[in-house]
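# Analysis of the macromolecular model
Take a look at the letters that make up each chain.
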Amino acid sequence: MTFRPPFPMAKATANIGDKLVSSGIVDVLVPGVGLVPLSYTSTATIVAEERITVPAGTFDTIRFTLTL
């Protein structure tokens, strides 16, 4: 999928509870048909900050909900 404009999930600086609403066009590849452009509107809400540890290391992350 290709989002036009690019699909934002959060701002560079954000706080818990902040919402980011965006809209645009997403190109979806449908097998046997080709690229189909669809309009979208989304809302991303930051719900928590978390520190996670995985084999590659420990990282500060954010958890968010997304409605698309």
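Summary of the structure given here. (Residues numbered from 1 in each chain as written. Predicted model: local features only at pLDDT ≥ 70, side-chain atom pairs only at ≥ 80, totals over all residues. Heavy atoms only, no water.)

### Some remarks on the sheet that holds strand β3 (residues 34-54)
Adjacent strands of a sheet form backbone hydrogen bonds with each other and so pair up, either parallel or antiparallel. Within the open sheet, the four strands sit side by side as β1-β2-β3-β4. Their pairing is antiparallel. Because the sheet does not close on itself, it has two edges, and the strands there are β1 (2-4) and β4 (57-67). Direction aside, the axes of adjacent strands within the sheet are offset by 50° on average. Of the strand pairs in this sheet, strand β2 (residues 19-30) and β3 are connected by 12 bridges, and their pairing is antiparallel. In the sheet register, S23 faces β3, and the bridge partner there is T41. (Pairing = 2+ DSSP bridges. Helix = DSSP H or I, 4+ residues; strand = E, 2+ residues; numbered from the N terminus. Axes fitted to C-alpha atoms, helices over the stretch in contact; angles between N-to-C directions.)

### Regarding the pairing of β2
Of the pairings in the sheet, the one linking β1 to β2 comprises three bridges and is antiparallel in character. When the sheet's bridge partners are listed, F3 is paired in β2 with V26. Hairpin connection between β2 and β3: a loop of three residues separates the two successive antiparallel strands, and G32 in this loop has a positive phi of roughly 80°.

### A closer look at a nonpolar patch on the surface
A cluster of nonpolar side chains, contributed by I52, V54 and F59, occupies part of the molecular surface with about 230 Å² of accessible area. Note on placement: V54 falls in strand β3. (Patch = residues over 30% accessible without salt bridge, like charges linked within 9 Å, V, L, I, M, F, W, Y side chains within 5 Å. Areas by Shrake-Rupley, 256 points an atom, 1.4 Å probe, with all protein chains shown as cover. Salt bridge = Lys/Arg side-chain N within 4 Å of Asp/Glu carboxyl O.)

### Quick word on the pairing of β4
Bridge count between β3 and β4: 11 bridges; the pairing is antiparallel. Bridging across to β4, T43 finds its partner in T67. With antiparallel pairing between neighbouring strands as the criterion, β3 and β4 make up a hairpin whose turn holds two residues.

### Quick word on the side chain of S22
For S22, the location among the structural elements is in strand β2. Setting aside chain neighbours within four positions, we find S22 in contact with F7, P8, Y40, T41 and S42. (Contact = heavy atoms within 4.5 Å.)

### Section: the environment of P8
Secondary-structure assignment places P8 in the loop between β1 and β2. Judged by its relative accessible area of 27%, P8 is partly exposed. Considered as a pair, P8 and A44 are 36 residues apart in the sequence and their alpha carbons are 8.5 Å apart. Ignoring any residue separated from it by four or fewer positions in sequence, one finds P8 in contact with L20 and S22. (Buried < 20%, exposed > 50% of the residue type's maximum accessible area, 1.4 Å probe, protein only.)

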